Amino acid sequence: MLKHQGTQTLQTERLVLRRFTVEDAPVVFRNWTGDDEVTRYLSWPTHTSEGITRMVLEDWVRSYEKPDFYTWAIEFEGEPVGSISVVELRENVQAAEIGYCIGKRWWHQGITSEALKAVMDFLFEQVGFNRISARHDSRNPNSGGVMKKCGMTLEGIHRQSDCNNQGICDTCVYAILASER
């Protein structure tokens, strides 16, 4: 049985993972949601205005009332630089799928891996998940590198199984079980 706790503040050596606020909208839009390069392989479109980012954040802030809602701002050096969330939760098999996104100024610095590791630790140890998975467009191998770095195993490639801002795509699926940590 899962022990949902909602989005709790998590800290790592360099990061604070925290709840978003509506006041984060300008920096979130500037740092990643308004950047076509960042959203290239994502399933949601690049935000064309700060107002769209604000509406998304308003929805997330309302959702923080739910104990099974998990969405964090990845804060580095005092500002949000990305997000990490449980994008699918399967209670009956104690499984969570994680999705993440980070502004390009912070690519290749180990920030996303550090955030993913912290979220995985929390979900396994505090909430009680048995399986954590993540997936990426096969044309975006750097995202798979984050998953591998965190101990996830490539389970397979689902051919033409998803759609993102590049169109229909092959999806690489990674996962780790609680017993494999």
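For the structure itself, look to the data block above.
Criteria and thresholds
Residues numbered from 1 in each chain as written. Predicted model: local features only at pLDDT ≥ 70, side-chain atom pairs only at ≥ 80, totals over all residues. Heavy atoms only, no water. Salt bridge = Lys/Arg side-chain N within 4 Å of Asp/Glu carboxyl O. Helix = DSSP H or I, 4+ residues; strand = E, 2+ residues; numbered from the N terminus. Buried < 20%, exposed > 50% of the residue type's maximum accessible area, 1.4 Å probe, protein only. Pairing = 2+ DSSP bridges. Expected span 1.5 Å × (residues − 1). Arc of directions from axis to C-beta. Contact = heavy atoms within 4.5 Å.

1. Examining the pattern of salt bridges
Applying the stated criterion across every chain yields a total of 15 salt bridges. Across the salt bridge formed by Lys117 and Asp121, the nearest N and O atoms sit 3.0 Å from each other. Here Lys117 and its partner Asp121 are both found in helix α4 (residues 111-127), four residues apart, which amounts to about one turn of the helix. Overall, the relative accessible area of 40% leaves Lys117 in the partly exposed class. Taken together, the shared-partner salt bridges connect Lys117, Asp121, Glu125 and Arg181 into one network.

2. Brief notes about the pairing of strand β8 (residues 167-177)
The pairing of strand β6 (residues 131-137) with β8 spans seven bridges and is classified as antiparallel. Directly across from Ala134, in β8, lies its bridge partner Tyr174. Between strand β7 (residues 153-164) and β8, which follow one another and run antiparallel, lie two residues.

3. Regarding unusual backbone geometry
Keep in mind that most residues, glycine aside, have a negative phi and that most peptide bonds are trans. Even without being a glycine, His108 presents a positive backbone phi close to 65°. Structurally, the position occupied by His108 is in the loop between β5 (95-102) and α4. You can call His108 exposed: its relative accessible area is 65%. One non-glycine residue, Gln160, lies in positive phi territory at about 45°. Positionally, Gln160 belongs in strand β7.

4. Remarks on helix α3 (residues 50-63)
For α3, built from 14 residues, the straight-helix expectation of 20 Å at 1.5 Å per residue is met to within 8% by its first-to-last C-alpha distance of 20 Å. Within α3, the full set of buried residues consists of Thr53, Leu57 and Ser63. Looking down the long axis of α3, one finds its buried residues gathered within 115° of arc, a one-sided arrangement. Exposed side chains of α3 directed beyond 90 degrees from the buried face belong to Met55 and Arg62. Of the surrounding secondary structure, the elements contacted by the buried residues of α3 are α1 (25-33).

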